[in-house]
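The chain contents come next:
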Amino acid sequence: MKHINFFIVAFFSLTFVSCSSIYSIKDFSSKEKLYQDFNNSVKDKSINVKFINDSSLTINNGAVIKNDTLYSTGYRLDKNYRKVALSEIKNINYTGSDYKSANLLLKNDEQINAGDINIANDTMEYSVTKKILTWSEVAPLDKIKEASYKNRWLGIPGWFLAGTGLGVIVGAIIFTSRNNGSPDNAYMTLNSFLTIPFGSFVGIIWGWIDGYNYIYRFNP
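Peer 1: Any chance you could break down the overall build of the protein chain for me, citing the residues and the numbers?
Peer 2: In terms of regular secondary structure, the protein chain is built from 4 helices and 11 strands. Burial analysis of the protein chain (220 residues in total) assigns 35% to the buried set. If you sum the accessible surface of the protein chain, you get close to 14200 Å²; carbon and sulfur atoms cover 56% of it.

Peer 1: Go over a nonpolar patch on the surface, please, and point to the residues and values.
Peer 2: A cluster of nonpolar side chains, contributed by Trp-153, Phe-160, Leu-161, Phe-198, Phe-201, Val-202, Ile-204, Ile-205, Trp-206, Trp-208 and Ile-209, occupies part of the molecular surface with about 1200 Å² of accessible area. Broken down by secondary-structure element, the contributors of at least two residues to the nonpolar patch are helix H3 (155-179) and helix H4 (186-210). Judged by relative accessible area, Trp-206 falls into the partly exposed class, the value being 44%.

Peer 1: How would you summarise the nonpolar core if you had to cite specific residues and measurements?
Peer 2: One finds Phe-38, Val-49, Leu-70, Ile-144 and Phe-218 to be the most contacted residues of the largest nonpolar core, which totals 20 residues. The set of elements that each furnish at least two residues to this core consists of helix H2 (31-41), strand E2 (47-51), strand E4 (63-66), strand E10 (144-151) and strand E11 (212-217). Excluding anything up to four places from it in sequence, Phe-218 contacts Leu-34, Tyr-35, Phe-38, Ile-65, Leu-141, Ile-144, Lys-145, Glu-146 and Ala-147. Ranked by size, the runner-up nonpolar core spans 11 residues in total, among them Ile-89, Leu-106, Ala-114 and Tyr-126.

Peer 1: Break down the packing of aromatic side chains for me, citing the residues and quoting the values.
Peer 2: For the structure shown, the criterion picks out 8 aromatic pairs. An angle of 85° between the planes, with centres 5.2 Å apart, marks the rings of Phe-38 and Tyr-216 as edge-to-face. In this pair, Phe-38 is assigned in helix H2 and Tyr-216 in strand E11, connecting sequence segments 178 residues apart. The residues Phe-38 and Tyr-216 share a single accessibility class, namely buried. On the basis of an interplanar angle of 75° and a centroid distance of 5.8 Å, the ring pair of Phe-38 and Phe-218 is categorised as edge-to-face. Here Phe-38, found in helix H2, pairs with Phe-218, found in the segment after E11; they are 180 residues apart in sequence, far enough to count as distant. Judged by its relative accessible area of 0%, Phe-38 falls in the buried class. Aromatic rings pair up to connect Tyr-23, Phe-28, Phe-38, Tyr-216 and Phe-218 into one cluster.

Peer 1: Tell me what's going on with the sheet that holds E2, and back it up with residues and numbers.
Peer 2: A sheet is described by the order of its strands in space; here 5 strands give the open sequence E1-E11-E10-E2-E3, paired in mixed fashion. Of all strands in the sheet, those with a lone pairing partner are strand E1 (20-23) and strand E3 (56-59), marking the two edges. Mean inter-strand twist for the sheet, computed between neighbouring axes without regard to direction, equals 20°. In this sheet, E11 lies alongside E10 in antiparallel orientation, the contact comprising 6 bridges.

Peer 1: Provide a residue-level description of the sheet that holds strand E9 (residues 123-140), including the pertinent values.
Peer 2: For sheets, the rule is that strands pair by backbone hydrogen bonds, running either parallel or antiparallel. Judged by pairing direction, the sheet is antiparallel, and its 6 strands sit side by side in the order E4-E5-E9-E8-E7-E6 without closing on themselves. If you trace the sheet from one side to the other, it starts and ends with E4 and strand E6 (89-94), each paired once. Pairwise comparison of adjacent strand axes, ignoring direction, gives a mean angle of 45° for this sheet. Examined bridge by bridge, E6 and strand E7 (residues 102-106) share 5 bridges and lie antiparallel to one another.

Peer 1: Hey, could you go over the pairing of E9 for me, with residue numbers and the actual values?
Peer 2: Bridge count between strand E5 (residues 69-85) and E9: 17 bridges; the pairing is antiparallel. Within E9, the residue paired with Lys-79 across the bridge is Thr-129. The hairpin turn running from strand E8 (residues 111-120) into E9, its antiparallel successor, is 2 residues long, and Asn-121 in that turn takes a positive phi close to 55°.

Peer 1: Would you mind going over the pattern of salt bridges in detail, with residue names and values included?
Peer 2: Counting across every chain of the model gives 6 salt bridges. Across the salt bridge formed by Lys-79 and Asp-116, the nearest N and O atoms sit 3.3 Å from each other. Highlighted residues: Lys-79 in strand E5 and Asp-116 in strand E8, separated in sequence by 37 residues. We classify Asp-116 as partly exposed; its relative accessible area is 39%.

Conventions used here
Numbering of residues starts from 1 in each chain and follows the order in which that chain's sequence is written. Two thresholds apply to this predicted model, a pLDDT of at least 70 for residue-level local features and 80 or more for giving and counting side-chain atom pairs, whereas whole-chain, interface and lining totals are computed over all residues. Here the side-chain values reflect all heavy atoms present in the structure, with hydrogen atoms and water set aside. In DSSP terms, a helix is any run of H or I states spanning at least four residues, a strand is any run of E spanning at least two, and both are numbered starting from the N terminus. Only protein chains enter the area calculation, which uses a 1.4 Å probe; residues under 20% of their type maximum are buried, those over 50% are exposed, and those in between are partly exposed. Residue exposure ignores everything except the shown protein chains as possible cover, and the areas themselves are Shrake-Rupley values with a 1.4 Å probe. Patch membership requires over 30% relative accessible area and the absence of a salt bridge. Like charges are linked within 9 Å, and nonpolar side chains (Val, Leu, Ile, Met, Phe, Trp, Tyr) within 5 Å. Here a salt bridge means any side-chain nitrogen of Lys or Arg lying within 4 Å of a carboxyl oxygen belonging to Asp or Glu. We call a set of buried Ala, Val, Leu, Ile, Met, Phe, Trp, Tyr and Cys residues a nonpolar core when their side-chain atoms join them within 4.5 Å. By the convention used here, residues are in contact when the closest approach between their heavy atoms is within 4.5 Å. Aromatic rings from Phe, Tyr and Trp, taking only the six-membered ring of Trp, are treated as a pair when their centres fall within 6.5 Å; an angle between ring planes under 30 degrees marks them as stacked, one over 60 as edge-to-face, and anything in between as tilted. Pairing between strands is defined by DSSP: at least two bridges between them are needed. Between the N-to-C directions of two axes lies an angle of 0 to 180 degrees, each axis being a line fitted to C-alpha atoms and, for a helix, fitted only over the stretch in contact.

Shape is all these values report; function is a separate question.
Below, the structure is given as structure tokens:
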């Protein structure tokens, strides 16, 4: 009977922690609202895409939906070279020991993150690097079943509680089955209680791995 109770509790514990938030068009007033929520949620995240033919694809660094098409996003560095007279610089705060990079404050209060600095003839030559967002087409949405991402931190609390609870139950089973419920065997009692922190630790690790899934379904 005790073992049956253990598996019942284990089942409900795993059911509790193994959950997700699922969104589809029925949860929004329009498909544009669904797309907007998706675009705001998946910025810079790792996304798993499942196609209607059951193939899958992992996208890193986020994605965006535009014109009923899913695009993966990324960045490229765009470097421009400029010049400024030293007389126009109010302050120079060097950020590297080689004096090749600095935060510049000009007299017009413009702030510049400068790199590749070279000073000659009362003039500073420098580079300014910008991150440019890029898009790459993945597939039209009519070919995609769902796209999902994990929040690993949110997966920890539920699994921690489940692991701790299961550790308590396993410890109780070990204690009663091997020690016949007698508290005289201190070694056996200690081993029984050690299942609690072990279960908590396993719960934390598994919770991080499993995470909490946010799923957007486009073709249920």
